[in-house]
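Here is what each chain is made of, one letter per residue.
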Amino acid sequence: MSDPTTIRRLYGRRQGHPLRAGQAALTERLLPLLSVPGDGPLDAPRLFGDDRPLELEIGFGRGEHLAGQAAMRPDHGFIGCEPFLDGVVGLLLHVEAEGLENIRIHRDDALGVLERLPDASLSRAYLLHPDPWPKARHAKRRFMNKGPIDLLAAKLKPGAEFRFGTDHPVYCRWAMMVMGSNPAFDWLASAPDDFLVRPDDWPETRYEAKARAHGHEVWYFRYIRK
Ligand SMILES: C[S@@+](CC[C@H](N)C(=O)[O-])C[C@H]1O[C@@H](n2cnc3c(N)ncnc32)[C@H](O)[C@@H]1O
């Protein structure tokens, strides 16, 4: 297995504008209750108090997709990883407004959570509109690289689904190469609509909406862990 630490330096923003008073108060109140413990092994009993199926979203942005999935499957436990504080606030707003009780948050690099989960413990994982790092010399910064994807493969159960979405042609080609050369996954597509049309149970993300507003095509990939 190649080294997942090739992207160990986390690129990108951790904070944007200062939070408004209401956002700061919500974060102070709710984030400590929902945060993934800072060290030690992680599993469903530790995070949710029972043996429920686990799902993970890498870089949930403002959280609309994660909140949508969590609302669809209240008996599953959802781990969301996102270092950007404004994004975390977005998810907290969903948690509060929709009364979601099945979400835990890691405000940092998703690799830090993946490494602490038991092998074959995830029922699903999502990577939606990851930062594209389009220049070839920045390709190692992309989450979609052999090391992180090997680590993800180890943490997914056999038969688990990995969903990946992008509107970025460079990332799309790159991802097809990385995923296509990984023997742990089968691509669930037999016709163009299987990757050109968003499945009904795949809530639209903020970045996807922006991409559509700019007239970009969006590609939806579903892989099964063999
Ligand atoms: C382009 S945004 C997309 C956000 C969201 N998925 C969407 O579609 O609207 C990519 C997000 O991934 C986050 N991110 C980047 N690297 C990450 C990592 N290693 N672990 C977790 N999140 C990461 C960034 O902070 C950013 O919010």
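These figures come from a predicted structure and were not determined experimentally. (Residues numbered from 1 in each chain as written. Predicted model: local features only at pLDDT ≥ 70, side-chain atom pairs only at ≥ 80, totals over all residues. Heavy atoms only, no water.)

Enquirer: An account of helix α6 (residues 146–155) is requested, with residue identities and associated values reported.
Expert: A large share of α6 lies buried, amounting to 8 of its 10 residues. Against α5 (110–114), β4 (122–128), β5 (156–166), α7 (169–180), β6 (185–187) and β7 (219–225) lie the buried residues of α6. (Buried < 20%, exposed > 50% of the residue type's maximum accessible area, 1.4 Å probe, protein only. Helix = DSSP H or I, 4+ residues; strand = E, 2+ residues; numbered from the N terminus. Contact = heavy atoms within 4.5 Å.)

Enquirer: Can you tell me about the environment of V197, naming the residues and giving the values?
Expert: With respect to the helices and strands, V197 occurs in the loop between α8 (193–196) and α9 (206–213). The partly exposed category is assigned to V197, whose relative accessible area is 45%. When the C-alpha atoms of V197 and E96 are compared, they prove to be 30 Å apart, with 101 residues separating the residues in sequence.

Enquirer: Tell me what's going on with the sheet that holds strand β2 (residues 77–81), and back it up with residues and numbers.
Expert: One key point about sheets: their strands pair by backbone hydrogen bonds, in either a parallel or an antiparallel sense. Across the sheet, which stays open at both edges, the 7 strands sit in the order β3-β2-β1-β4-β5-β7-β6 with mixed pairing between neighbours. For this open sheet the edge positions go to β3 (103–106) and β6, each flanked by a neighbour on one side alone. Pairwise comparison of adjacent strand axes, ignoring direction, gives a mean angle of 20° for this sheet. Bridging between β6 and β7 involves 3 bridges; their strand directions are antiparallel. Considered in β7, the bridge of F185 is made with R225. (Pairing = 2+ DSSP bridges. Axes fitted to C-alpha atoms, helices over the stretch in contact; angles between N-to-C directions.)

Enquirer: Mind laying out the side chain of R104, listing which residues take part and the relevant values?
Expert: By the element assignment, R104 lies in strand β3. Of the buried charged residues, R104 lacks a salt bridge, with E101 as the closest side chain of opposite charge at 8.3 Å. Contacts of R104, omitting those with residues within four sequence positions, involve L34, V36, L47, F48, F78, I79 and G80. (Lys, Arg positive; Asp, Glu negative; His and termini not counted. Salt bridge = Lys/Arg side-chain N within 4 Å of Asp/Glu carboxyl O.)

Enquirer: Requested: an account of the nonpolar core, with residues and values cited.
Expert: Within the largest apolar cluster, 38 residues are counted, with the highest numbers of intra-cluster contacts made by M144, F162 and F185. Among the elements that line this core, the one with the most residues is α7, at 5 residues. Judged by nonpolar contacts, the second largest core, of 23 residues, contains L66, V95, L128 and V218. (Core = buried A, V, L, I, M, F, W, Y, C linked by side-chain atoms within 4.5 Å.)

Enquirer: Quick one: what's the story with the site of the ligand, residue by residue and with numbers?
Expert: In the vicinity of the ligand, 18 residues are found, and the nearest of them are G59, E82, A110, L128 and T205. The separation between a nitrogen atom of the ligand and a polar main-chain atom of A110 is 2.9 Å. In this structure, Y207 approaches the ligand through a main-chain N or O atom, which is 3.0 Å from an oxygen atom. (Near = heavy atom within 4 Å. Polar contact = N/O pair within 3.5 Å; in protein donor to acceptor, adjacent residues only side chain to side chain.)

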